[in-house]
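Structure at a glance
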Amino acid sequence: MSKEIPLWEVFIRSKNGLEHRHCGSLHAEDAEMALNNARDVYTRRNEGVSIWVVESKHITASNPQDSGELFEPAADKVYRHPTFYELPDELKHM
Amino acid sequence: MSEAEIKSLEAQFEAKIANDEKIEPKDWMPEKYRKTHIRQISQHAHSEIVGMLPEGNWITRAPSLRRKAALLAKVQDEAGHGLYLYSACETLGISREELYNQLHTGAAKYSSIFNYPTLTWADMGAIGWLVDGAAIINQVPLCSTSYGPYARAMVRVCKEESFHQRQGYEIMLSLCNGTEEQKQMAQDALNRWWWPSLMMLGPEDKDSVHTEQSMKWKLKRKTNDELRQQFIDQTVPQADILGLTIPDPELKWNEEKGGYDFGPIDWDEFWQVVKGHGPMNKKRLDDRRNAWEKGKWVRDAAMAYAQKQNERKNKQAI
Ligand SMILES: [Fe+2]
Ligand SMILES: [Fe+2]
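We now turn to the structure provided with this report. (Residues numbered from 1 in each chain as written. Chains lettered and ligands numbered in written order. Predicted model: local features only at pLDDT ≥ 70, side-chain atom pairs only at ≥ 80, totals over all residues. Heavy atoms only, no water.)

**Quick look at the side chain of B:Glu160**
Following the sequence through the fold, B:Glu160 ends up in helix 7 (residues 148–176). Given the relative accessible area of 4%, B:Glu160 is considered buried. Among the polar contacts made by the side chain of B:Glu160, one reaches the side chain of A:Arg45 at a distance of 3.4 Å. One polar contact links B:Glu160 to B:Tyr84, side chain to side chain, over a distance of 3.1 Å. Those residues in contact with B:Glu160 that lie beyond four places of it in its chain are A:Arg44, A:Arg45, A:Glu47, B:Asp77, B:His81 and B:Tyr84. (Helix = DSSP H or I, 4+ residues; strand = E, 2+ residues; numbered from the N terminus. Buried < 20%, exposed > 50% of the residue type's maximum accessible area, 1.4 Å probe, protein only. Polar contact = N/O pair within 3.5 Å; in protein donor to acceptor, adjacent residues only side chain to side chain. Contact = heavy atoms within 4.5 Å.)

What follows is the structure in structure tokens.
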């Protein structure tokens, strides 16, 4: 059998209250082994309390070439920010 | 793409790096950038993996449970470093299989320091102290290199390295505070590892082909000679604390330059080892190949098991 061992992306929650963050990837035959390997490779020093693994092929990513189209429209929508609104100085805490 | 378009993309790309922005896997990059990074990151990964062998050699013979646990943890870290780096390298579009293949066929290089034998327990001290010490000096600047996945891997690696060096130095310290024979053992290890450690920081600047391009891409932030000087200046006082003598009669403090002068390095030896004629080159590669080939049935079984589980799940779903 010469099939490539699947690639997985690893996400770790460092402590409760924080989100899972992507920390790297690894190869494993199935989800269970991916979890076990992730524990050994990415949490040898108490870096995590919870692990997610997802096979890399299931991730759909935006293309950097589309970045302009996707993200630039937000740049001219200054009215989405609180500082856009002009209010009197006497008004505190708003 | 026309040549002019590529030129303009290249200019944008270089400007991005000069501006300290990171390059991420799906971003456009010049072919040369991709190739150079595959070469450097994979060499680095191979070095971590082959680097486990000289130390693995002593795990079963560590002199105490404390030492054994520490050495085992250190070697396991090196496996982790190799894995972080292989993953980073794969984001450039090369498969793990191909990377292993390059190592096993001798097409890829790894750090030549691992082609020296580990003859006594003191070598575990000298390696942690000197080899990991030189590695740290090499690696810290890479935490801010331009390729995102490489930089992130290096941040993790560097966080873990300082324990490696400290456990090595502690081994040396115990030996130096022990019997005359133990101290001799420490001195002998220093004598054998000193020069290879200096070589580990790479050829002299005047003979180094990659430096300028590497500097631009932040694959290198200091030249080999600068790194070597830094290593020597930091290590000599550490040898003094141990009461050991650096095996270089020409080593002398130079007040004017604020660093040590040192004797000539035997670069013939370095190139011999790089070309495969070091004392352990053959054994290291044989051990790697063996591990890979003898582990094949385990990988196959795991794949077969995963496939069966999958089929079973699918059948239940129907
Ligand atoms: Fe390492
Ligand atoms: Fe290390």
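**Digging into the coordination of the iron ion (ligand 2)**
All names here are of chain B. Every protein donor of the iron ion (ligand 2) is listed here as Glu78 (OE), Asp132 (OD), Glu161 (OE) and His164 (ND1), and their distances to the metal cover 2.0 to 2.2 Å. Around the iron ion (ligand 2), the 4 donor atoms are arranged such that angles at the metal cover 83 to 169°; this shape is classified as irregular. Taken in chain order, the donor set of the iron ion (ligand 2) reads E-x53-D-x28-E-x2-H. A separation of 3.4 Å is found between the iron ion (ligand 2) and the iron ion (ligand 1), which share glutamate 78 as a coordinating residue. Highlighted residues: aspartate 132 in helix 6 (residues 122–139) and glutamate 161 in helix 7, separated in sequence by 29 residues. (Donors = N, O, S within 2.8 Å, 3.2 Å for Na, K, Ca; no water. Tetrahedral: all angles 85-135°; square planar, octahedral: opposite > 155°, others 65-115°.)

**Details of the pairing of strand 2 (residues 20–27) of chain A**
Residue and element names in this part refer to chain A. Looking at chain direction, strand 1 (residues 7–13) and strand 2 are connected through 7 bridges and run antiparallel. Directly across from arginine 13, in strand 2, lies its bridge partner histidine 20. Between the antiparallel neighbours strand 1 and strand 2 lie 6 residues, among them glycine 17 with a positive phi of about 105°. (Pairing = 2+ DSSP bridges.)

**Section: the state of the cysteines**
Within this structure, the stated rule accounts for 0 disulfides over all chains. A disulfide-free cysteine, B:Cys89 has its sulfur positioned 18 Å from the sulfur of B:Cys143, the nearest such atom. (Disulfide = S-S within 2.5 Å.)

**Looking at the sheet that holds strand 1 of chain A**
All names here are of chain A. The 3 strands are arranged 2-1-3 in an open sheet whose pairing can be described as antiparallel. For this open sheet the edge positions go to strand 2 and strand 3 (50–55), each flanked by a neighbour on one side alone. Averaged over all neighbouring strand pairs, the angle between strand axes comes to 25°, with direction disregarded. On the sheet, helix 1 (residues 31–42) packs against strand 1, strand 2 and strand 3 and is oriented at approximately 110° with respect to strand 2. (Axes fitted to C-alpha atoms, helices over the stretch in contact; angles between N-to-C directions.)

**Examining the packing of aromatic side chains**
In total, this model carries 17 aromatic pairs over all chains according to the counting rule given. Relative to A:Trp52, the ring of A:Phe11 has its centre 6.5 Å away and its plane inclined at 55°; by these criteria the two rings are tilted. Placement of A:Phe11 in strand 1 and of A:Trp52 in strand 3 is noted, with a sequence separation of 41 residues between them. Look at B:Trp253 and B:Tyr260: their rings are 5.0 Å apart centre to centre, the planes differ by 75°, and that puts the pair in the edge-to-face class. (Phe/Tyr/Trp six-rings, centres within 6.5 Å; stacked < 30°, edge-to-face > 60°.)

**With respect to the pattern of salt bridges**
Pairing between side chains becomes possible if they bear opposite charge and their charged atoms approach one another. Under the counting rule described, the total for this entry stands at 27 salt bridges over all chains. One salt bridge connects A:Arg44 with B:Glu160, and the closest N-O pair in it is separated by 2.9 Å. With A:Arg44 in the loop between helix 1 and strand 3 and B:Glu160 in helix 7, this residue pair bridges two chains. Between B:Lys283 and B:Asp287 there is a salt bridge whose closest N-O contact spans 2.8 Å. Placement of both B:Lys283 and B:Asp287 in helix 12 (residues 281–294) is noted, with a separation of 4 residues, approximately one turn of the helix. Through salt bridges with shared partners, a single network forms among A:Arg44, A:Arg45, B:Asp77 and B:Glu160. (Salt bridge = Lys/Arg side-chain N within 4 Å of Asp/Glu carboxyl O.)

**Examining the interface of chain A and chain B**
Counting from both sides, the interface comprises 21 residues of chain A and, opposite them, 23 residues of chain B. Along the contact surface separating chain A from chain B lie 4 salt bridges. The interface formed by chain A and chain B holds 10 residue pairs in polar contact (both at pLDDT 80 or more) in total. Of all the secondary structure elements, the ones that give two or more residues to the side of chain A that touches chain B are strand 2 and helix 1 of chain A. Looking at the side of chain A that touches chain B, the element that brings in the most residues is strand 2 of chain A, giving 4 residues. Tallied by class, residues from the side of chain A that touches chain B come to 11 nonpolar, 3 polar and 7 charged. (Nonpolar A, V, L, I, M, F, W, Y, C, P; charged D, E, K, R; others polar.)

**Structural notes on the packing of helix 2 (residues 31–50) of chain B against helix 3 (residues 52–59) of chain B**
Residues and elements named next belong to chain B. Contact geometry for helix 2 and helix 3: axes closest at 5 Å, N-to-C directions at 15°. Considered as vectors, helix 2 and helix 3 are oriented roughly parallel to each other. Residues Glu48, Ile49 and Val50 of helix 2 touch helix 3, and the partners they reach there are Met52, Leu53 and Pro54. (Parallel < 35°, antiparallel > 145°, perpendicular 65-115°, else oblique.)

**Some details on the nonpolar core**
Residues and elements named next belong to chain B. One finds Trp193 and Trp194 to be the most contacted residues of the largest nonpolar core, which totals 88 residues. Take this core: its biggest share by element is 10 residues, from helix 6. Those residues in contact with tryptophan 194 that sit more than four places away from it in its chain are Leu130, Phe231, Ile232, Thr235, Ile246, Pro247 and Asp248. (Core = buried A, V, L, I, M, F, W, Y, C linked by side-chain atoms within 4.5 Å.)

**Let's talk about unusual backbone geometry**
Even without glycine at this site, A:Asn46 takes up a positive phi of about 55°. Within the secondary structure layout, A:Asn46 lies in the loop between helix 1 and strand 3. Under the relative-accessibility criterion, A:Asn46 is labelled exposed at 75%. Phi angles above zero are rare outside glycine, and B:Asp20 is one such case at about 70°. Positionally, B:Asp20 belongs in the loop between helix 1 (3–18) and helix 2.

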